[in-house]
Amino acid sequence: MTDAEFWFDPRCPFAWITSRWILEVEKVRDINVTWHIMSLAYLNQDKDIPQEYRDMLADAWGPVRVCMAAEQKHGKDALLPLYTALGTRLHDEGQEQSRELVAAAVAEAGLPASLVDAMDDPSYDEDIKKSHHLGMDQVGEEVGTPTIAVDGTAFFGPVMTSIPRGEQAGEIWDGAVALARYPYFFELKRTRNAPLDFS
C-alpha cells in the first residue's frame, strides 16, 4: 500500500485532470489517497500575475471555503465527492462558477444545503491557509496545484493535459513513485503544447 496525499483547488483545471488520473490509478495500483484543500487565490495574492488571471481568482475563495466547511462538519470523506461534483460542472461541463453551481454540487455530494453559506464566510480562511501550507511548504516556491505527496515526499505535479486511463495510469504512477523515492530528484518539465482534454 502506497500512501498519497493530494492538494487541490476546485478551480484548477490541471489539478482536475491529475485528480481524475489518480482515481484511475486507484483501480490498478494499491494506493490510499487523502485529499486536502489548497487555495489558488491565497497562493497568488501577492504575486505579479496577469489581470485576467487575478480577475478569475476574485471569487475563487467561495468553493474552497465550502470544501473546508464540508471537511470540518462532515469529515475528510466528504471532500472527494464534493470536489468531483464541483469539478465536473466547472471543467467537464464548462459551467461558470455561481452560487447555483455550488449548491447543485453540494446536493449531488449528499451534503446539507447550508454549506453553501460558507462561500461568503472568511472565518474558514485560516484553516484553508493551514491546509494549503501543509502541502505547499513541502514543495517550496513557484509551485501550485496539483501537489501530491507520495509516502511523505511531496512534489508539484504531475501536470498533464489529458487523463491517462487503465494500466497507462498505473505506469505513470509507478514512474512518479520511483522519482519521489529518490531524495535528490527535484524537477522534470517541458512546455505544454496540447490543449486541455477533460474526457
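Residues numbered from 1 in each chain as written. Predicted model: local features only at pLDDT ≥ 70, side-chain atom pairs only at ≥ 80, totals over all residues. Heavy atoms only, no water.

Brief notes about the pattern of salt bridges
This model, assessed by the stated rule, comprises 13 salt bridges. Note that aspartate 120 and arginine 99 form a salt bridge whose closest N and O atoms lie 2.8 Å from each other. Of this pair, aspartate 120 sits in the loop between α6 (99-108) and α7 (125-139) while arginine 99 sits in helix α6, placing them 21 residues apart in sequence. Of the residues examined, arginine 99 reaches a relative accessible area of 35% and is grouped as partly exposed. What emerges from the salt-bridge pattern is a single network uniting Glu24, Lys27 and Arg165. (Salt bridge = Lys/Arg side-chain N within 4 Å of Asp/Glu carboxyl O. Helix = DSSP H or I, 4+ residues; strand = E, 2+ residues; numbered from the N terminus. Buried < 20%, exposed > 50% of the residue type's maximum accessible area, 1.4 Å probe, protein only.)

Things to note about the environment of glycine 87
Looking at where glycine 87 falls in the secondary structure, it is placed in helix α5 (residues 79-92). The exposure class assigned to glycine 87 is buried, which follows from its relative accessible area of 0%.

Re the pairing of strand β3 (residues 147-150)
Here β3 shows no split at all, with Thr147 and Ala149 on one side and Ile148 and Val150 on the other all buried. With 4 bridges joining them, strand β1 (residues 2-8) and β3 adopt antiparallel strand pairing. Within β3, the position partnered with tryptophan 7 by the bridge is threonine 147. Pairing analysis gives 4 bridges linking β3 to strand β4 (residues 153-156), with the strands arranged antiparallel. (Pairing = 2+ DSSP bridges.)

Some details on the nonpolar core
Among the nonpolar cores identified, the biggest contains 66 residues, and Phe8, Trp21, Ile22, Trp35, Leu82 and Trp173 are the most heavily contacted of them. For this core, the element with the highest residue contribution is helix α1 (residues 13-28), accounting for 8 residues. Among residues more than four places away in sequence, those in contact with tryptophan 173 are Thr2, Ala4, Trp21, Ile22, Val25, Arg29, Ile31 and Val150. (Core = buried A, V, L, I, M, F, W, Y, C linked by side-chain atoms within 4.5 Å. Contact = heavy atoms within 4.5 Å.)

Some thoughts on the side chain of aspartate 9
If you trace the backbone, aspartate 9 turns up in the loop between β1 and α1. Buried charged residue aspartate 9 carries no salt bridge. Nearest counter-charge: arginine 11, at 6.1 Å. A distance of 2.8 Å separates a polar side-chain atom of aspartate 9 from the backbone nitrogen of arginine 11. In terms of polar contacts, aspartate 9 uses its side chain to reach the backbone amide nitrogen of leucine 40, at 2.8 Å. When sequence neighbours within four positions are dropped, the list of residues in contact with aspartate 9 reads Met38, Ser39, Leu40, Ala41, Val64 and Thr145. (Lys, Arg positive; Asp, Glu negative; His and termini not counted. Polar contact = N/O pair within 3.5 Å; in protein donor to acceptor, adjacent residues only side chain to side chain.)

Describing α5
Taking 1.5 Å as the rise per residue, α5 with 14 residues should run 20 Å; its terminal C-alpha atoms sit 18 Å apart, in good agreement. Those residues of α5 that fall on the buried side of the exposure criterion are Leu79, Leu82, Tyr83, Ala85, Leu86, Gly87, Arg89, Leu90 and His91. Two residues or fewer after α5 comes glycine 94, characterised by a positive phi angle close to 65 degrees. (Expected span 1.5 Å × (residues − 1).)

What about unusual backbone geometry?
Phi is mostly negative for residues that are not glycine, and the peptide bonds are mostly trans. The omega torsion of the bond from glycine 157 to proline 158 falls at 0 degrees, within 30 degrees of zero and hence cis. Although it is not a glycine, aspartate 151 adopts a positive phi angle of roughly 50 degrees. Within the element layout of this structure, aspartate 151 appears in the loop between β3 and β4.

Thoughts on α7
Counted at 1.5 Å a residue, the expected span for α7 with its 15 residues is 21 Å, and the 21 Å between its end C-alpha atoms agrees. Largest kink in α7: about 35 degrees, centred on histidine 133. Turning to α7, its buried residues are Asp125, Ile128, Ser131, His132, Gly135, Met136 and Val139. As for α7, its buried residues are in contact with β1, β2 (31-37), α2 (40-43), α4 (61-74), β3 and β4. In the stretch just after α7, glycine 140 is the one whose phi turns positive, near 90 degrees. (Bend = angle between axes of the 7 residues up to and from the residue.)

Structural notes on the packing of aromatic side chains
Enumeration according to the criterion identifies 8 aromatic pairs in this entry. Taking the centre distance of 4.9 Å and the plane angle of 45 degrees together, the rings of phenylalanine 6 and tryptophan 35 count as tilted. A residue pair is termed long-range when its members are at least 10 positions apart, and phenylalanine 6 in strand β1 and tryptophan 35 in strand β2 qualify at 29 residues. For phenylalanine 6, a relative accessible area of 0% translates into the label buried. (Phe/Tyr/Trp six-rings, centres within 6.5 Å; stacked < 30°, edge-to-face > 60°.)

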